[in-house]
Amino acid sequence: MSKLVWQNSRHALQAGAMDGAHREFVVLINQLAEASDQEELHHLNRLQAHCEDHFAQEARWMQLFSLPNPEKHLRDHDEVMALLRQAHEDLRGGKAGSGRELTETLARWFERHSTTLDAALAFQMQQTSQPKCVGIAAVG
Ligand SMILES: [Fe+2]
Ligand SMILES: [Fe+2]
């Protein structure tokens, strides 16, 4: 498959730790896509572990920065975890290529998810972490 290519202009959200996780996601997707049959389970395991941490961290940020209506974002993560679990099951059951095939879907998912739901979370974090401008009452 064609590689998922990180593009700063498209993918960087100016949100340090989140951008770091997204860069790692891109690397792991590409490693899985290019894995041999012998390496496939190892790279699928690494991607699964990454996604658990990555999504758990974003869920913590949603709470910490009071993201409105986080349900759709959380559901989008859950759907990816379900796809990863299914690919894992299929691979363990002897269906070679299950992990590699999933990378096409996950690459398309990442293009959509990172530029919409993650971008909205990053925006919320940037807004909320700005010092509040407090009006100073004129002293009469
Ligand atoms: Fe993300
Ligand atoms: Fe996300």
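Residues numbered from 1 in each chain as written. Chains lettered and ligands numbered in written order. Predicted model: local features only at pLDDT ≥ 70, side-chain atom pairs only at ≥ 80, totals over all residues. Heavy atoms only, no water.

(A) Layout of helix α2 (residues 16-33). For α2, built from 18 residues, the straight-helix expectation of 26 Å at 1.5 Å per residue is met to within 8% by its first-to-last C-alpha distance of 26 Å. Every buried residue of α2 is listed here: Met 18, Asp 19, Ala 21, His 22, Phe 25, Val 26, Leu 28, Ile 29, Asn 30, Leu 32 and Ala 33. (Helix = DSSP H or I, 4+ residues; strand = E, 2+ residues; numbered from the N terminus. Expected span 1.5 Å × (residues − 1). Buried < 20%, exposed > 50% of the residue type's maximum accessible area, 1.4 Å probe, protein only.)

(B) Broad picture of the coordination of the iron ion (ligand 1). Those protein atoms acting as donors to the iron ion (ligand 1) are His 22 (NE2), His 54 (NE2), Glu 58 (OE) and Asp 118 (OD), and they sit at 1.9 to 2.4 Å. Taken together, the four donor atoms surrounding the iron ion (ligand 1) define angles of 80 to 157 degrees at the centre, an arrangement classified as irregular. Ordering the donors of the iron ion (ligand 1) by residue number gives the pattern H-x31-H-x3-E-x59-D. Separating the iron ion (ligand 1) from the iron ion (ligand 2) is a gap of 3.5 Å, bridged by Glu 58, which donates to each. Here Asp 118 lies in helix α6 (residues 117-129) and His 54 lies in helix α3 (residues 40-64), a separation of 64 residues in the sequence. For the pair His 54 and Asp 118, one class covers both residues: buried. (Donors = N, O, S within 2.8 Å, 3.2 Å for Na, K, Ca; no water. Tetrahedral: all angles 85-135°; square planar, octahedral: opposite > 155°, others 65-115°.)

(C) Quick peek at the coordination of the iron ion (ligand 2). Distances from the iron ion (ligand 2) to its protein donors, Glu 58 (OE), His 73 (NE2), His 77 (NE2), His 113 (NE2) and Asp 118 (OD), fall within 2.1 to 2.2 Å. Motif for the iron ion (ligand 2), donor spacing along one chain: E-x14-H-x3-H-x35-H-x4-D.

(D) Examining the side chain of His 73 more closely. Mapped onto the fold, His 73 is located in helix α4 (residues 71-92). By relative accessible area, which is 2% here, His 73 ends up buried. Within the structure, His 73 has its side chain in polar contact with the side chain of His 77 (distance 3.1 Å). If near-sequence neighbours (up to four positions away) are discounted, His 73 is found in contact with Glu 58, Met 62, Leu 67, His 113, Leu 117, Asp 118 and Leu 121. (Polar contact = N/O pair within 3.5 Å; in protein donor to acceptor, adjacent residues only side chain to side chain. Contact = heavy atoms within 4.5 Å.)

(E) Looking closely at the packing of α2 against α3. Look at α2 against α3: their axes get within 10 Å of each other, and the N-to-C directions meet at 160 degrees. Comparing their axes, α3 and α2 come out roughly antiparallel. The element α2 and its partner α3 pack so that their crossing is left-handed. Every residue of α3 that contacts α2 at Ala 17, Met 18, Ala 21, His 22, Glu 24, Phe 25, Leu 28, Ile 29, Gln 31 and Leu 32 is listed here: Glu 40, His 43, Leu 44, Arg 46, Leu 47, His 50, Cys 51, His 54, Glu 58 and Trp 61. Considering only residue class, the contact of α2 with α3 consists of 11 nonpolar, five polar and four charged. (Axes fitted to C-alpha atoms, helices over the stretch in contact; angles between N-to-C directions. Parallel < 35°, antiparallel > 145°, perpendicular 65-115°, else oblique. Left-handed = near helix turned anticlockwise from the far one by under 90°. Nonpolar A, V, L, I, M, F, W, Y, C, P; charged D, E, K, R; others polar.)

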